[in-house]
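# Structural features, examined
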Amino acid sequence: MQPAVVLSGLLWFAAAALLALWPDLTFQPLGRELMGLWLGTGALLLLLGLAGDRIGRVGRWTRARGPWLAAIALFAALWTVVTAKTGWLPQPFFPTPQAMLEVFLYDWPKILHSASFSVWLLAKGFFFGAIAGFAIGIAMGWSRKVSYWATPLLRYIGPLPATAWLPLAFFIFPTSGSASVFLIAFSTAFPVAVLTWSGVAAVNRDYYEIARTLGASPRFLILKVAIPAALPHVFVGLFMGLSTSFAVLVVAEMLGVEAGLGWYLQWAQGWAAYANMYGALFVMAAMCSGLITLLFRIRDRVLVWQKGVVRW
């Protein structure tokens, strides 16, 4: 038995009872549907909590997140009270849970299309920016001549925010999509280049001397010594580039792209559809969190040698 998970299930039951028994100030659509969703969530969590660790991986997952599941139930109940029940937070600026459910039920095709467009645009810009930053960082860390000429450019141009290049990018590139890809790539390349450069420059020189003694070529030194040793720094740069590129993505979509979550957010704000706007923000947060989690998984797989696990 997992007490925190059982408690979270009971709290979801209490939130559903609050939703049903306390009258709303104004008519709220999908009240019964939301109550059924909360009751189903509470029943599922109650069963999982009573089953405990007997269900294996799922049980361990719920045990680790039991307090958070209870906190989310309390937040849902509080959200209902301050919006639909008492009106302490005025509508439509603060939508009710029923209004949010209505957005995801009836406007999900547009949200899904916008999210898929944003993911594809971000993937292209992040990929090109990561490749360019990685190559520049390796060249700067390995060659003194490249470092001599590239360091001033990197110091003076790199720190400039990518959004400052918006007017120039939309003027140079033929389409708003290609301009957005350039801006995302630019925001990604700078931190990746700096951290890769730092990682290559910080490699212990003894590694190179040992490899040269064994007859290693310069290509071998780069591919087998410098890059593997610099990978922890590279992934730090990738994490920084992903966060900055996501911010640039939203701004670029709001200004020049005819699709995407940034465009959807601006559209909802223009029509004063605040529930849709909060829905887009929720999807943005989930998408960014998912991409960061995916990058963590890739890092753990690539840098598995760092864990130092000894198997008997």
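Scope of this entry: the structure provided in the associated data block. Note that the structure is predicted; figures quoted are calculated from it, not measured. (Residues numbered from 1 in each chain as written. Predicted model: local features only at pLDDT ≥ 70, side-chain atom pairs only at ≥ 80, totals over all residues. Heavy atoms only, no water.)

## Some points on the pattern of salt bridges
Under the counting rule described, the total for this entry stands at two salt bridges. Where Lys85 meets Asp24, a salt bridge forms, and the shortest distance between an N and an O atom there is 2.6 Å. In this pair, Lys85 sits in helix 3 (residues 57-85) while Asp24 sits in the loop between helix 1 (3-21) and helix 2 (31-51), placing the two residues 61 residues apart along the sequence. Exposure remark for Lys85: the relative accessible area of 3% places this residue in the buried category. (Salt bridge = Lys/Arg side-chain N within 4 Å of Asp/Glu carboxyl O. Helix = DSSP H or I, 4+ residues; strand = E, 2+ residues; numbered from the N terminus. Buried < 20%, exposed > 50% of the residue type's maximum accessible area, 1.4 Å probe, protein only.)

## Structural notes on the layout of surface pockets
The volume enclosed by the largest pocket comes to roughly 650 Å³. Forming the walls of the largest pocket are 20 residues, and the residues nearest its centre are Phe75, Trp79, Pro97, Met100 and Phe282. Every element with two or more residues in the lining of the largest pocket is listed here: helix 2, helix 3, helix 4 (97-106) and helix 12 (274-302). Sorting elements by how many residues they give to the lining of the largest pocket places helix 3 first, with six residues. For the lining of the largest pocket, the residue count by class is 18 nonpolar, two polar and no charged. Of the pockets and cavities examined, the second largest pocket occupies roughly 420 Å³. Where the lining of the second largest pocket is concerned, the elements lending two or more residues are helix 5 (108-142), helix 10 (218-255) and helix 12. A total of eight residues in the lining of the second largest pocket trace back to one element, the largest contributor, which is helix 5. Of the residues contributing to the lining of the second largest pocket, the split by class is 18 nonpolar, no polar and no charged. (1 Å grid on protein atoms, 1.4 Å probe; cavity = no way out; pocket = protein on both sides within 12 Å on 5 of 7 lines; lining within 4 Å. Points joined across faces, edges and corners; volume = space filled by probe spheres on them. Nonpolar A, V, L, I, M, F, W, Y, C, P; charged D, E, K, R; others polar.)

## Notes on the packing of helix 2 against helix 3
Look at helix 2 against helix 3: their axes get within 11 Å of each other, and the N-to-C directions meet at 150°. Taken together, the axes of helix 2 and helix 3 are roughly antiparallel relative to one another. For the pair helix 2 and helix 3, the crossing hand works out as left-handed. Packed against helix 2, whose contacting residues are Trp38, Leu45 and Leu48, the element helix 3 presents Val58, Thr62, Leu69, Ala76 and Thr80 at the interface. A breakdown of the residues in the contact of helix 2 with helix 3 according to their chemical character gives six nonpolar, two polar and no charged. (Axes fitted to C-alpha atoms, helices over the stretch in contact; angles between N-to-C directions. Parallel < 35°, antiparallel > 145°, perpendicular 65-115°, else oblique. Left-handed = near helix turned anticlockwise from the far one by under 90°. Contact = heavy atoms within 4.5 Å.)

## Thoughts on unusual backbone geometry
Note that the residue after Gln91, namely Pro92, is joined by a cis bond; omega there is 5°. The phi dihedral of Leu30 falls on the positive side, at around 65°, and the residue is not glycine. Among the secondary structure elements, Leu30 is positioned in the loop between helix 1 and helix 2. At Ala272, a residue that is not glycine, the phi angle is positive and equals roughly 55°.

## What about the packing of aromatic side chains?
Under the counting rule described, the total for this entry stands at 11 aromatic pairs. Between Phe104 and Phe282 the ring centres are 5.9 Å apart and the planes differ by 75°, which places this aromatic pair in the edge-to-face class. In this pair, Phe104 is assigned in helix 4 and Phe282 in helix 12, connecting sequence segments 178 residues apart. On the accessibility criterion, Phe104 (28% relative accessible area) is partly exposed. Relative to Trp149, the ring of Tyr148 has its centre 5.2 Å away and its plane inclined at 90°; by these criteria the two rings are edge-to-face. Each member of the pair Tyr148 and Trp149 is classed as exposed. Among the aromatic residues, those joined into a cluster by ring pairs are Trp165, Phe173, Phe182 and Phe186. For Lys110, the ring lying beneath its charged end belongs to Trp267, and the centroid distance is 4.1 Å. (Phe/Tyr/Trp six-rings, centres within 6.5 Å; stacked < 30°, edge-to-face > 60°. Lys NZ or Arg CZ within 6 Å of the ring centre and 35° of its normal.)

Take it as geometry only, folks, not as evidence of what the structure does.
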